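# Coordinate analysis (summary)
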Amino acid sequence: MTIVKILVFKDKIKKTLLPIVIYMKEEEIKKIILSVEEQNENLPEGFGDMLFEQLIILKYNRLGK
């Protein structure tokens, strides 16, 4: 991914997913991501892990403010 694509991806996460998962437990977030991965076989390998990592980073950065 290019730097621009990464920034766009993180911005989309902040606007769409972060408000939903901000107060969810890590286990709940992981469970949802695994479910989505199972239903979408065309997702790249490691996408769920990367998404989970980004959500957790953004979540704790937001809660820390």
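All of the points below concern the structure found in this document. (Residues numbered from 1 in each chain as written. Predicted model: local features only at pLDDT ≥ 70, side-chain atom pairs only at ≥ 80, totals over all residues. Heavy atoms only, no water.)

### A closer look at the packing of helix α1 (residues 3-21) against helix α3 (residues 47-64)
The axes of two packed helices give the description: the angle between them and the distance between them. Closest axis-to-axis distance for the α1/α3 pair is 10 Å, and the angle between their directions is 70 degrees. The angle between α1 and α3 falls in the class roughly perpendicular. In contact with Phe9, Lys10, Ile13, Lys14, Leu17, Leu18 and Val21 of α1, α3 contributes Phe47, Met50, Leu51, Gln54, Leu55, Leu58, Lys59 and Arg62. Within the contact of α1 with α3, the residues separate by chemical class into 10 nonpolar, one polar and four charged. (Axes fitted to C-alpha atoms, helices over the stretch in contact; angles between N-to-C directions. Helix = DSSP H or I, 4+ residues; strand = E, 2+ residues; numbered from the N terminus. Parallel < 35°, antiparallel > 145°, perpendicular 65-115°, else oblique. Contact = heavy atoms within 4.5 Å. Nonpolar A, V, L, I, M, F, W, Y, C, P; charged D, E, K, R; others polar.)

### Some points on the pattern of salt bridges
Evaluation of the coordinates by the stated rule reveals two salt bridges. The salt bridge partner of Asp11 is Lys15, with a shortest N-O separation of 3.3 Å. Here Lys15 and Asp11 lie together in helix α1, a separation of four residues that amounts to about one turn. Assessed through its relative accessible area of 35%, Asp11 is described here as partly exposed. Measuring nitrogen to oxygen at the nearest pair gives 3.0 Å for the salt bridge that ties Asp49 to Lys30. Of this pair, Asp49 sits in helix α3 while Lys30 sits in helix α2 (residues 26-39), and the two are 19 residues apart along the sequence. Residue class for Lys30 comes out partly exposed when judged on its relative accessible area of 23%. (Salt bridge = Lys/Arg side-chain N within 4 Å of Asp/Glu carboxyl O. Buried < 20%, exposed > 50% of the residue type's maximum accessible area, 1.4 Å probe, protein only.)

### What about the layout of surface pockets?
Estimates place the volume of the largest pocket at around 200 Å³. In terms of lining, the largest pocket is formed by 13 residues, of which the most central are Leu17, Ile32, Ile33, Leu51 and Leu55. Of all the secondary-structure elements, those providing two or more residues to the lining of the largest pocket are α1, α2 and α3. Per-element accounting of the lining of the largest pocket gives the leading share, five residues, to α2. Among the residues making up the lining of the largest pocket, the classes are represented as 12 nonpolar, no polar and one charged. (1 Å grid on protein atoms, 1.4 Å probe; cavity = no way out; pocket = protein on both sides within 12 Å on 5 of 7 lines; lining within 4 Å. Points joined across faces, edges and corners; volume = space filled by probe spheres on them.)

The values reported here are purely geometric and, on their own, carry no functional implication.
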